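Inside the fold
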Amino acid sequence: MKKRWVIFCFAVLLAGYPLLIGFWFPRQMQKKLNMIQVPVARHDLDFRHLIQAADLEWRSLPDSFVTEAMILEEDQLIGKVVSNSLRIAEGSIFTSAMLEEPAQVSDRAALMLNPGQAAYSVNADLVQLSGSTLVVNERVDIYCTIQQRDAVPIVDLLLESVRILDLRDRRGLALNDPEGLGVASVIVLAVNQEFIPLLSTALEIGRLQFLVTDQSWKNEVECQLKETSRVLSYLTQEE
């Protein structure tokens, strides 16, 4: 009888061991260590990378491992830029020393480009603005005027929904900079790279006009070429 009781107890312990290892022990360890969720890099993040939610994942760490330098909140990471010249490796925690505010980055215009785009700077003195006040992240339609000798000027839409990346005064300062002049001297546009020769030629042989219309933001695709524009033949006649 005693032998059967020993065998029964052993069987109970043997059957309960997986439950002990799988459930009870981890719960006790978590209570003892006080585990907390910490955001880490889901994959390698390169220099000047703009952090999005898809770049983050969460890991459990004992609170004793967490330091004041670590960033624990998602909203303190999204929209920041990687400043570490040595990329942030997959699985790394984040600290404030690794990140910068996009507005404080000197080449921040490049951070806002879509694939295939380039930051194209235009002297504001060479552009007719039709009295409109331009702002960063606004979209404009670009018209071109070609004036030939003893002929009626040719005016037509060239590019639609071109996004403004940045506005700078003649000192190179942002318009909201306390030390700046508050008047745009340079307009930085997000332009598809294949359209840059057209814009450059238009500035050489014609004039540009930026218009803000209610249609600019209705286009899902930025920087669209009007292929039927009457000025195209003048801008490409040397090709």
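Quick caveat, the model's predicted, so the values are computed rather than measured. Sequence positions are assigned chain by chain, starting from 1 and proceeding in written order. Since the coordinates come from a predicted model, pLDDT governs what is reported: local features require at least 70, and pairs of side-chain atoms require 80 or more to be given and counted, while whole-chain, interface and lining totals use all residues. Side-chain calculation: all heavy atoms of the structure are included, whereas hydrogens and water are not.

It is worth spelling out the overall build of the protein at this point. Along the backbone of the protein there are four helices and 11 strands. Working rule for contacts: check all heavy atoms of both residues, and any pair within 4.5 Å makes them a contact. In the protein, 68% of the contacts between residues at least 6 apart in sequence involve partners at least 24 apart. All accessibility values rest on the Shrake-Rupley procedure with a 1.4 Å probe; residue burial counts only the protein chains present in the view. Accessible surface, the protein as shown: approximately 15200 Å² in total, 55% of it carbon and sulfur. We count a stretch as a helix when DSSP gives it H or I for four or more residues in a row; a strand needs E for two or more, and each element gets its number in order from the N terminus.

Next up on the list: the pattern of salt bridges. Put simply, a salt bridge is a Lys or Arg side-chain nitrogen that is within 4 Å of an Asp or Glu carboxyl oxygen. Summed over the entire model, instances satisfying the criterion amount to seven salt bridges. Notably, a salt bridge pairs lysine 226 with aspartate 156, separated by 3.1 Å at the nearest N-O pair. Taken together, the residues lysine 226 in the loop between β11 (224-225) and α4 (232-235) and aspartate 156 in strand β8 (residues 154-168) connect sequence positions 70 residues apart. Classification of aspartate 156 as buried rests on a relative accessible area of 11%. Relative accessibility decides the category of a residue: with a 1.4 Å probe and only protein chains considered, values under 20% of the type maximum give buried, values over 50% give exposed, and everything between is partly exposed.

The subject of this paragraph is helix α3 (residues 196-205). The set of residues buried in α3 consists of Leu198, Leu199 and Ala202. Taken end-on, α3 shows its buried residues confined to a sector of 95°, consistent with a single buried face. Starting at the helix axis, one direction is taken to each C-beta atom, and the arc is that of these directions.

Okay, the environment of threonine 95 next. Position of threonine 95 among the secondary structure elements: in the loop between β3 (81-82) and β4 (99-100). For threonine 95 and isoleucine 71, which are 24 residues apart along the polypeptide, the C-alpha to C-alpha distance reads 5.4 Å.

What follows covers the side chain of serine 229. Tracing the backbone through its elements, the reader meets serine 229 in the loop between β11 and α4. Classification of serine 229 by relative accessible area gives buried; the value is 6%. One polar contact links the side chain of serine 229 to the main-chain carbonyl oxygen of leucine 157, over a distance of 2.8 Å. Those residues in contact with serine 229 that lie beyond four places of it in its chain are Asp156, Leu157 and Leu158. Distance and chemistry together define a polar contact, namely a pair of N or O atoms within 3.5 Å, with one atom able to donate a hydrogen and the other to accept it when in protein, and with adjacent residues in sequence counting only for side-chain atoms on both sides.

Once that is clear, we can look at the nonpolar core. Formed by 28 residues in total, the largest nonpolar core has its most connected members in Ile142, Leu189 and Phe210. Secondary structure elements with two or more residues in this core: β5 (117-123), β7 (139-146), β8, β9 (186-192), α3, β10 (206-211) and α4. Per-element accounting of this core gives the leading share, six residues, to β8. Membership of the second largest hydrophobic core comes to 11 residues, among which are Ala41, Ile71, Val82 and Phe94. Note on terminology: a nonpolar core comprises buried Ala, Val, Leu, Ile, Met, Phe, Trp, Tyr and Cys residues joined through side-chain atoms within 4.5 Å.

Looking at the protein, the pLDDT average stands at 79 and 76% of residues meet or exceed 70. When mean pLDDT is compared element by element in the protein, β11 scores highest at 94, while helix α1 (residues 2-33) scores lowest at 54. Confidence of the predictor in every single residue is expressed as pLDDT, which spans 0 to 100.

Our next topic: the environment of threonine 201. As for its placement among the helices and strands, threonine 201 is situated in helix α3. For the pair threonine 201 and tyrosine 234, spaced 33 residues apart in the sequence, the C-alpha separation amounts to 9.2 Å. Once residues within four sequence positions are removed from consideration, threonine 201 is found in contact with Gly206 and Leu235. Separated by 2.8 Å, the side chain of threonine 201 and the backbone oxygen of proline 197 make a polar contact.

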